[in-house]
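# Observations on the model geometry
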Amino acid sequence: MGAVAGRADAGAQITVTNTATGLTRTVTADADGSYRLSQLPVGSYSVQVSRDGQAVGSPVAANVSLGGTTTVNLGGIGNLDTVTVVGSRVINRVDVHSTESAVNINREELARMPVDQSLTSVALLAPGVVNSGATFGGLTFGGSSVAENVVYINGLNVTDPYRRQGFSSVPFAFYKEFQIKTGGYSAEFGRSTGGVINAVTRSGGNDFHGGVELTFEPSDWASSKEDHFHRDGTVDERDRTSRDESSLFKTNLWASGPIVKDKLFLFAMYENRDADSKDIDTEEAFYTDSPNDFWGAKLDWQITDNHLLEVLAFSDEAESTTSNYDYAFDTDTLGKFNGETLSRSGGDNWSLTYTGYITDNFVAKAMYGVNKRTNFGGSPRDGDCSIVTIASNYNDEFGREAKRGCHPTNTSRNSRDDKREAARLDFEWTLGNHLLRFGADQEVMESDSTVVYPGDGVSYQAQTVVPGAPLPNDATVPAGVTRIIDARRYITGSPVETKAQAFYVEDNWSVTPDLLLNIGVRFDKFHNKLASGSTFAQADFSDMISPRLGFSWDMKGDGTTKLFGNAGRYYLPLTNKLADYFGGGTTDEHTYYVLNGFTQQIDPVTGGTYLMPNLGPQIGPVNTEGNVPAPDDLRTEVSRDLEMVYQDEFILGFQQMINTAWSYGVNATYRETPRAVEDTRINHLPGCPGYSSFPIINPGEKATLWCEDTGQWVTFDSSRDGYQATGSGAILGYKKPKRTYKAVEFQIDRAWDDKWAFNASYIWSKSEGNIEGPVNSDAGYADTNLVQFYDHPAVNERYGVLFNDHRHQFKFRGSYKLNEMFSFGATFSAISGGPITAFGVRWPNDNRSAGGPGEFSGGGSGWLCVSGCSNYTTRQLVYSERGAFGRMPWVKDLGLNVTFTPFRDIDLKARFSIYNVLNDQTVVNVHSRYESTPGVKMPYFGEGTVWQSPRYMQLVVSYSY
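These figures come from a predicted structure and were not determined experimentally.

This brings us to the overall build of the protein chain. On a plain count of helices and strands, the protein chain comes out with 3 helices and 59 strands. For 961 residues, the compact-globule formula gives about 30 Å, and the C-alpha radius of gyration of the protein chain, at 30 Å, lands near that figure. Taking the principal axes of the C-alpha coordinates as reference, the protein chain spans close to 100 × 65 × 50 Å. Taking as baseline every contact in the protein chain between residues at least 6 positions apart, the subset at least 24 positions apart corresponds to 69%. Taking the 84 positively charged and 115 negatively charged side chains of the protein chain as two groups, their mean positions are separated by 3 Å.

Dropping the structure here:
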């Protein structure tokens, strides 16, 4: 929904009419000449001014954008025969009624540029939004992590409630308009300390329309990925990529029109997707087939001009099958079939929205919807075959082409079903110079998940070690032993539920005709529950109060120039993943064995051979530090005074129209996040000598936990106490978390005038702190709120540049219409690389690991051992700052497209796009683990783990009538 507002003569009637549906709304200008029509469906309108029931002048065309207010100033009504309109084409990019930072872009604009068919690609057009180099992907808004954003489709929150890292989506052609909120958003929005992607879908109108769109992305049109080799000449652990291929073909059919003219409208779409890919490695090949379809519909019922009802329904269910074969890379020969895996995702979604214009001054809106997601991955061989892998540092006498184990993918079996039931009420009430907005919403999010290793439930990894070196279980590698097996047993998952509720109130006060104050406050609460119904964690309305204050000064009084600012607090509630991890308990045990080579065995299904490890003597005890038993009393695992993560944000900006097409702006942003919610190693609880666990607390602050031995609550300051070092026995606390983001943004924009358009932006920014957020992109750990930032005090003691610190960001986009037959578009971005930080495993005066020995095991110390490393009393450690090893290179991306429209009177178009024209395959993440054990350097530190996708091409042919 959007709005039209402006000024006219006092007492004049202003009528807006939706050109597609005939929806009509009329208001009377106030005594000061101001008027506003709010909660209008997104689309094209005509604006007519009249007096005493008589039209004055000609109607003015205006476009209502999502979440914005279009300014249309009208004057000269004293003469009934004339009307003067400020701007014959209403393309004002300066919204003087808004105090937030947001970018709006519609499907017509996107069709003129090389923007791939995804929400992510659209969001990346906005300044300050960067594609994360994390191994688990995602978007970072303003220095935040990828687990802090929310996505709405027609007001329904479709963000993954489990990890908050993905979202449901619909075909690109189903969308009408997008709004990317990068900061300063109003009290209506919450549960985010990153950004908001707000999208609306297409609707039907009074005219019948339909069309077909074909999308071609054959693998022959894409450049090959580069093979990556380590400095010692061995192939990267992701194996070969130069022969990987993927192709996509989509057929999209849509139709729209009136069921009852001026009353009931339908938009419906069906899309068939045929996606195939090949993952060709040195000794294995994976062929994936994904023949999926999508259906969606939008029904709009204009009961009267004052009462609207919208129904949205869509299904994004998808399924793919991957077949695994032996493969000989040197001869490019496909071998025997080894089995297949199946994955499923998506689900059915729907929402029902009512909008009522109760009076000229009072609007009510109600929405109820359901968002479902399935995430499943498994194999028919899960019951027979265990995972067998080799570590990147393993010196393999059998050659890496030999097959280990009989499992086709060596991955765990994952199953999860998520469901969100969302309901909200919103009201707008105009009282003189005050526009009051208030409302409430509730989301009930359920997740039921299971993760287990296949076969005997143990994953066997061969590793190379140094005799005499310490292992994570505090044992020492025996003399003469250079190879071991790390046998990991991992089981987790249980049904959990989170009920999140909020209410807000906001006053948009026009202090003068030129000065708007936005004064709001939002109150949030949530309740995480386990399958038993018992409380895992909760926060009340009084615990999560988010004040918002903004201003917009229309400096010239004509809607062309504004100075604006915003200050606000934003809260981030817990995800279902956290309650799932603790509520059902987690078995995460490592047992270490001497490796006595491998034995060849016959696969009874495929008839092929594979290798299984011969386990020698066990080395030391089972390492159970990762175990989290299902608690009998959650008071021992969750701090009684747990408080939620919040971020304070301050923005000051200026925007000005140069003329009806050109505008520019500059703004400065400061964000600070001073709190974390994490599982934290507490092995010293004052007055409770037997306590040792990983409870959920606010590290660096006071915490209160239940002591079962004494039957009492224990309050302690975790910045001074909570951790007892091994060996020295020193009592220590944890650094208080802090993350800051500072940015200055410059932007210039030229609106489309049926000939050309252009936008350019530059951001200088700096992201610093001792914690990235609820995930750890450096070490590739994706479990939200469960990363190892607080498994050891050494992990978070360093304050400095963070993973998402991209100091310079340039973005350009433009489109040009040569004639009625040919038009062109281009996008270009240049993002400076992030810092390279080293992670060790120990710190001074302690013999306990601050990080795991593997590349992606999370955690890590800033102290690196240079001598005497076998014993904590003799170790010589050197401190390493964040970013001490330089930065990754700039990431540049150029996109070009040409659109061919062969007929003037037939809406037939062919758009050919090239993405990453220069075929840069720049490294965007590196190995950050510096040591596996004290003094034993990881062989591939600083080498790449994630690279920019290569060049690919896309042809979209569409016909509409």
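Now that the structure has been shown, we can carry on.
Let us look at the side chain of R424. With respect to the helices and strands, R424 occurs in strand β27 (residues 413-431). A polar contact of 2.8 Å, which involves the side chain of R424, links it to the side chain of D426. Setting aside residues up to four positions removed in sequence, R424 forms contacts with E188, K365, A366, M367, A440, D441 and Y504.

The subject of this paragraph is the sheet that holds strand β16 (residues 196-201). As summarised here, the arrangement of the 5 strands in space is β10-β15-β16-β13-β14, forming an open sheet in which the pairing is mixed. Looking at which strands have only one partner, the edges of the open sheet turn out to be β10 (101-106) and β14 (156-157). Where β10 meets strand β15 (residues 175-183), 6 bridges bridge the pair, whose relative direction is antiparallel. Bridged to S101 within β15 is G183.

Attention now goes to a nonpolar patch on the surface. Together, W756, Y816, L818, M821, F822, F824 and F900 line one region of the surface with nonpolar side chains, adding up to about 580 Å² of accessible area. Along the polypeptide, Y816 turns up in strand β49 (residues 808-817). Look at Y816 and you get partly exposed, because its relative accessible area is 35%.

Attention now moves to the state of the cysteines. Following the criterion strictly, the structure yields 3 disulfides and no others. A sulfur-sulfur distance of 2.0 Å marks the disulfide that ties C385 to C406. Disulfide C385-C406: the torsion about the S-S bond is -115°, which places it as left-handed. Note that C385 is positioned in the loop between β25 (362-378) and β26 (387-390) and C406 in the loop between β26 and β27, a separation of 21 residues in sequence. Look at C406 and you get buried, because its relative accessible area is 7%.

On inspection of all chains with the given rule, the structure shows 49 salt bridges. Across the pair D326 and K336 runs a salt bridge whose closest N-O atoms are separated by 2.1 Å. A residue pair is termed long-range when its members are at least 10 positions apart, and D326 in strand β22 (residues 318-328) and K336 in strand β23 (residues 333-346) qualify at 10 residues. Residue K336 is classed as partly exposed on the basis of its relative accessible area, which comes to 25%. For the salt bridge of R488 with D588, the shortest nitrogen-to-oxygen distance reads 2.8 Å. With R488 in strand β30 (residues 483-492) and D588 in strand β36 (residues 586-602), this residue pair connects regions lying 100 residues apart in the sequence. Within this structure, R191, R420, D441, E443, R522 and D524 form a network of salt bridges that share partners.

It is worth spelling out the side chain of D281 at this point. Turning to its location among the elements, D281 is positioned in the loop between β19 (264-280) and β20 (284-304). One buried charged residue, D281, remains without a salt bridge, the closest side chain of opposite sign being R240 at 8.2 Å. Apart from the residues lying within four places of it in its own chain, the contact partners of D281 are R238, D239, R240, F286, Y327 and F329.

Here 19 bridges tie β27 to strand β28 (residues 434-452), and the two strands are oriented antiparallel to one another. Directly across from R424, in β28, lies its bridge partner D441. Turn length for the β27-β28 hairpin, with the two strands adjacent in sequence and antiparallel, is 2 residues, and the turn residue G432 shows positive phi of about 60°. Relative to β30, β28 is paired through 2 bridges, and the arrangement is antiparallel. Along β30, the bridge assignment pairs V452 with I491.

The 3 strands are arranged β4-β1-β7 in an open sheet whose pairing can be described as mixed. The sheet terminates laterally at β4 (34-40) and β7 (69-71), the two strands that pair on one side only. Adjacent strand axes in the sheet meet at a mean angle of 20° when their direction is disregarded. Pairing between strand β1 (residues 2-7) and β7: 3 bridges, direction parallel. Directly across from V4, in β7, lies its bridge partner T70.

The next subject is the packing of aromatic side chains. Here the structure, examined in full by the defined rule, presents 36 aromatic pairs. The residue whose ring lies beneath K525 is F541, and the NZ or CZ to ring-centre distance is 5.3 Å.

Moving on, we get to the nonpolar core. Formed by 34 residues in total, the largest nonpolar core has its most connected members in L110, V122, F178, I180 and I197. Of all the elements in the fold, those that place two or more residues in this core are β10, α2 (119-123), β12 (139-141), β13 (150-153), β15, β16, β19 and β21 (307-315). When sequence neighbours within four positions are dropped, the list of residues in contact with I197 reads L119, A123, L139, F141, V150, V151, Y152, Q179 and I180.

Right, let's talk about the pairing of β30 for a bit. In this structure, strand β29 (residues 458-464) lies alongside β30, joined through 7 bridges in antiparallel fashion. Paired with Q463 across the bridge in β30 is I484. As paired strands, β30 and β36 are joined by 9 bridges and run antiparallel to one another. Paired with I484 across the strands is V594, a residue of β36.

Take the confidence of the model for the protein chain next. Chain-level statistics for the protein chain give a pLDDT mean of 91 and a share of 97% at 70 or above. In this model, residues 76-90 is a region of pLDDT below 50 whose contacts with residues beyond four sequence positions or in other chains number 38 contacts.

Let us now look at unusual backbone geometry. Notably, D239 is not glycine yet its phi reads approximately 70°, a positive angle. For D239, the position within the fold is in the loop between β17 (209-217) and β18 (245-260). Given a relative accessible area of 18%, D239 falls into the buried group. The phi angle at D754 is positive, at roughly 75°, despite the residue not being glycine.

Criteria and thresholds
Residues numbered from 1 in each chain as written. Predicted model: local features only at pLDDT ≥ 70, side-chain atom pairs only at ≥ 80, totals over all residues. Heavy atoms only, no water. Helix = DSSP H or I, 4+ residues; strand = E, 2+ residues; numbered from the N terminus. Rg over C-alpha atoms; globule rule 2.2 N^0.38 Å. Contact = heavy atoms within 4.5 Å. Lys, Arg positive; Asp, Glu negative; His and termini not counted. Charge placed at Lys NZ, Arg CZ, Asp CG, Glu CD. Polar contact = N/O pair within 3.5 Å; in protein donor to acceptor, adjacent residues only side chain to side chain. Pairing = 2+ DSSP bridges. Patch = residues over 30% accessible without salt bridge, like charges linked within 9 Å, V, L, I, M, F, W, Y side chains within 5 Å. Areas by Shrake-Rupley, 256 points an atom, 1.4 Å probe, with all protein chains shown as cover. Salt bridge = Lys/Arg side-chain N within 4 Å of Asp/Glu carboxyl O. Buried < 20%, exposed > 50% of the residue type's maximum accessible area, 1.4 Å probe, protein only. Disulfide = S-S within 2.5 Å. Axes fitted to C-alpha atoms, helices over the stretch in contact; angles between N-to-C directions. Phe/Tyr/Trp six-rings, centres within 6.5 Å; stacked < 30°, edge-to-face > 60°. Lys NZ or Arg CZ within 6 Å of the ring centre and 35° of its normal. Core = buried A, V, L, I, M, F, W, Y, C linked by side-chain atoms within 4.5 Å. pLDDT = per-residue confidence, 0-100.

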